Amino acid sequence: MEKMKLKMLYSGLKTEIDIIERELETALNSSSHFLNEASLHLLKAGGKRIRPVFVLLAAKFGQYDIQRIKNVAVPLELIHMASLVHDDVIDDSDLRRGRPTVKAQFNNRIAMYDGDFIFARALDYMTNIETPQAHKVLSNTMVEICVGEIIQIEDKKIVDQTIRDYFRRIKRKTAVLISSSCELGAIAAGAPEDVTRRLSRFGYYVGMSFQIIDDILDFTATDKQLGKPAGSDLMQGNVTLPALYALEDPMIRPLIEQTINGPITEEQRQQLLKAIRKSSAIKRAGDLSDQYLAKALKEVERLPDNPVKKSLVDIALFMGKRKF
Amino acid sequence: MNAAKTELLVTELKDEIYSKLHHRTLQEYAGQPIIWEDQLFYLLLPNFNGGQWTAHHQVAASCVAMIQTALTTHDLVMEHNATTKAQQLTVLAGDYYSGMYYATLASLPNIQLVQALSTAVADISERKTALYEPNDKTFSKWLEQFEVIVSKAVEQFYHHFNFGSYTPLMKKGMLIGRLFDELKALENNSSTIRFDDITSDEPLSNEQVIAKIHHVIQQEATCYTTQIHASSLLSDELKIVMLSRVEALISEQQLTREG
């Protein structure tokens, strides 16, 4: 159902998305058959291709030429893919979207080389864009994502962290890349500076809302929908927004502490999920996501008239309201 | 340029890189970034030899070392169960150094060098992966892969700045230096490059691999020494510096073998 919705939302961009898909395949083509196998897995696993879509939509506010814009859209998706390959090593994850991860399929070392290879191919594509500003934005994004991940490890298992700590983390971990996708699409198309800034802010707010929803879904979606056990974030020691709210409840707090200090039994996991789902934490986190979504929509309102504004709103709403 | 001056410039470049890559948490858990001093020597070689060397060259050289450091850091991630905080931060340290390399070149800006080094990184990663693949393997093929892994980034740097005439010397010098370092690591069981299944036709014991590498180092060092003597590119003073470096390495190698 969700996939269908997304397909409909992307229908206006089908030709361009097909081009991006083909370019991704070309970019991941390697002389190493292990790397080819790993890439095939990544491509088959699909993904929402949110970042390329935002690049394409943002580019419509300037001189839109897919042959130029693809040089930004492809690297952004590749960087996202490479980060996932390395994240699976960090999280020791064997499954992603129900499929074995590269590290599970081969080993951690191959996953490191695969991620490095994909990063390299991303930058190679990006060098087709000569605008120095575009490279500054992308390189700062790469550093920021990494700093976000470092902070996530620093903050692991800390129950008395603040919501501000959580925002600091998800801003870098997720929002920055979506914001950069919008910004880079606009830069590559030569959109006016004020429009570029507004699109960048839009991407930031959507990214914040998206990550909060992702963190909610980790508790509310089923194992099958997630392709991994629900509650995985907490079991890995990541205290997300719903958990931060739930920690205020003295009945749930011990369950959360027990989970992050794990390991826990299946029964304990079910007990935790039930308690959090029943608590106000999910609703409160959802409200906060909605606030970011509202800010994103406000940014769209202020953009110059363009038929693509409706698509930006629709995709933002889809991301902020998705069920898994 | 004499030995003392070259050492000073290598140390200065190393300090610049340390300063750019410094991150408190990474330093605490993943340790100091691993910078190959011999790579710094070859990056600076055109400067040592009196070639044109600007601030742009210096920053670009530091970026080559940064990306190599990023890749080398990822070699420290264990094949299985990399679940400790130190290992998790080793993954991120490599990514962080990689981001810093790109950010530095983007602000220079030198986008063409980003392109050249991206080709190198892709090639290096493919070759490192190939060491795990069940291909037909011979020792000479393994050596060929190893040479590219250790010298490709500098080769691209030379090519980009028209320093290509130094490439044969650099390749040989990097091969000898890196083989020797890996050999020491192998003897301490801390090697990061894959030495298992080095050949598919004859399984080699650890001792046999070590003996073969010792032999290659000797052979390549002789060849390298001849190249230096015959070079019309290098100044006499630089020749002395390079010859004394290889002599020092061979002496240390002999001590290692005897020890």
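Predicted model, so just to flag it, every value in this text is computed and none were measured.

Caption draft 1: Inspection of the overall build of chain B at higher detail. Each helix and strand in chain B was counted, giving 10 helices and 0 strands. N-terminal to C-terminal, the α/β element order of chain B is α-α-α-α-α-α-α-α-α-α. In summary, chain B has a C-alpha radius of gyration of 18 Å against a globular reference of 18 Å for 259 residues, a match within 12%. Expressed along its principal axes, the backbone C-alpha trace of chain B runs to roughly 50 × 45 × 35 Å. Buried residues in chain B amount to 43% of all 259 residues. Considering only contacts within chain B whose residues lie at least 6 apart along the sequence, 77% involve residues at least 24 apart.

Caption draft 2: Main features of unusual backbone geometry. Note that the residue after Gly262 of chain A, namely Pro263 of chain A, is joined by a cis bond; omega there is 0 degrees. Mapped onto the elements, Pro263 of chain A comes out in the loop between helix H14 (253-261) and helix H15 (266-278). A cis amide bond links Leu108 of chain B to the next residue, Pro109 of chain B, at an omega of -20 degrees. Checked against the element boundaries, Pro109 of chain B lands in the loop between helix H5 (85-107) and helix H6 (111-130). If you check the backbone angles, Asn81 of chain B has positive phi at about 55 degrees while not being a glycine. Mapped onto the elements, Asn81 of chain B comes out in the loop between helix H4 (55-74) and H5.

Caption draft 3: Quick peek at the environment of Ala175 of chain A. All names here are of chain A. Structurally, the position occupied by Ala175 is in helix H9 (residues 163-188). By C-beta crowding, Ala175 is classed as buried, having 23 other C-beta atoms within 10 Å. Spatially, the C-alpha atom of Ala175 lies 5.3 Å from that of Met208, the residues being 33 residues apart in sequence.

Caption draft 4: Expanded view of the interface of chain B and chain A. Taken residue by residue, the interface counts 39 residues in chain B and 37 residues in chain A. Of all the secondary-structure elements, those providing two or more residues to the side of chain B that touches chain A are helix H2 (24-30), H4, H5 and H6 of chain B. A total of 14 residues in the side of chain B that touches chain A trace back to one element, the largest contributor, which is H5 of chain B. Partitioning the side of chain B that touches chain A into residue classes produces 20 nonpolar, 13 polar and 6 charged.

Caption draft 5: The arrangement of H4 of chain B in detail. For H4 of chain B, built from 20 residues, the straight-helix expectation of 28 Å at 1.5 Å per residue is met to within 8% by its first-to-last C-alpha distance of 29 Å. Within H4 of chain B, 15 of the 20 residues are buried, which leaves the element mostly enclosed by the surrounding structure.

Caption draft 6: Expanded view of the packing of H14 of chain A against H15 of chain A. Residues and elements named next belong to chain A. Where H14 contacts H15, the axes come no closer than 10 Å and their chain directions differ by 135 degrees. Overall, the two elements H14 and H15 adopt an arrangement that is oblique. With respect to the hand of their crossing, H14 and H15 are arranged in left-handed fashion. Residue-level inspection shows Leu255, Gln258 and Thr259 of H14 in contact with H15, the latter providing Gln268, Gln271, Leu272 and Ala275.

About the criteria used
Residues numbered from 1 in each chain as written. Chains lettered and ligands numbered in written order. Predicted model: local features only at pLDDT ≥ 70, side-chain atom pairs only at ≥ 80, totals over all residues. Helix = DSSP H or I, 4+ residues; strand = E, 2+ residues; numbered from the N terminus. Rg over C-alpha atoms; globule rule 2.2 N^0.38 Å. Buried ≥ 20, exposed ≤ 12 C-beta atoms within 10 Å, placed from the backbone. Contact = placed C-beta atoms within 7 Å. Nonpolar A, V, L, I, M, F, W, Y, C, P; charged D, E, K, R; others polar. Expected span 1.5 Å × (residues − 1). Axes fitted to C-alpha atoms, helices over the stretch in contact; angles between N-to-C directions. Parallel < 35°, antiparallel > 145°, perpendicular 65-115°, else oblique. Left-handed = near helix turned anticlockwise from the far one by under 90°.

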